[in-house]
Amino acid sequence: MIKTIANRQRGVSLSGLLVWSVILIIAAIGGMKVIPAYVQDAEIKSILSTIVNDPEMQGAQSKDIRESFSKRAMMNNINVVTANDIEIVKDARGLSLNISYQVKIPLVGNASLLLEFNPSSFKK
């Protein structure tokens, strides 16, 4: 009877708990380093979308579009791209804005993570 109860009891050993704790901590630290890059990408997409859907920007010159982006990027503290990085396309469909950039995130020692982003927006 005692032997069958011991066989049914399950639990986590101290070493198992430590291993899983280390894995969880490493994942959390990695997430804290990567998440800001994705948040900033979402802000850049939002700015591009706002500019493209602004009726005043449909007929604006490239200089005005870049100036509008610069002002909005400054307010959102975006420093990974500049207004000169924007590819502006005006055609029969309307205004389209594209940016391609990379973010290099140092992890440990000489190991880094390179993230590539290509946000774009066009008039629907």
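Refer to the structure presented above.
The shown structure was predicted, so the numbers you read here are calculated from the model rather than taken from an experiment. (Residues numbered from 1 in each chain as written. Predicted model: local features only at pLDDT ≥ 70, side-chain atom pairs only at ≥ 80, totals over all residues. Heavy atoms only, no water.)

Trainee: What am I meant to see in the overall build of the chain here?
Mentor: When helices and strands are counted, the chain shows 3 helices and 5 strands. Traced from its N-terminal end to its C-terminal end, the chain shows the element sequence α-α-α-β-β-β-β-β. Computed over the C-alpha atoms, the radius of gyration of the chain is 24 Å, more than 25% above the 14 Å expected from 2.2 N^0.38 for a compact globule of 124 residues. Here the C-alpha coordinates of the chain stretch approximately 85 × 35 × 25 Å along the principal axes. Long-range pairs, those at least 24 residues apart, make up 49% of the contacts in the chain with a sequence separation of at least 6. Counting only carbon and sulfur atoms, one obtains 59% of the accessible surface of the chain, whose full area is about 9,100 Å². Separation of charge centres in the chain, based on 14 positive and 10 negative side chains, amounts to 15 Å. (Helix = DSSP H or I, 4+ residues; strand = E, 2+ residues; numbered from the N terminus. Rg over C-alpha atoms; globule rule 2.2 N^0.38 Å. Contact = heavy atoms within 4.5 Å. Areas by Shrake-Rupley, 256 points an atom, 1.4 Å probe, with all protein chains shown as cover. Lys, Arg positive; Asp, Glu negative; His and termini not counted. Charge placed at Lys NZ, Arg CZ, Asp CG, Glu CD.)

Trainee: Whenever I open this one, the packing of aromatic side chains confuses me. Can you help?
Mentor: The geometry of two aromatic rings is summed up by the distance between their centres and the angle between their planes. For the structure on display, the rule yields 2 aromatic pairs. Ring geometry for Tyr38 and Phe117: centres 5.2 Å apart, planes at 80°, overall edge-to-face. With Tyr38 in helix α2 (residues 14-52) and Phe117 in strand β4 (residues 111-117), the pair connects residues that are 79 residues apart, well separated along the chain. Tyr38 sits in the partly exposed class, given a relative accessible area of 46%. Residue class for Phe117 comes out buried when judged on its relative accessible area of 5%. Taken together through their ring pairs, the aromatic side chains of Tyr38, Tyr101 and Phe117 make up a single cluster. (Phe/Tyr/Trp six-rings, centres within 6.5 Å; stacked < 30°, edge-to-face > 60°. Buried < 20%, exposed > 50% of the residue type's maximum accessible area, 1.4 Å probe, protein only.)

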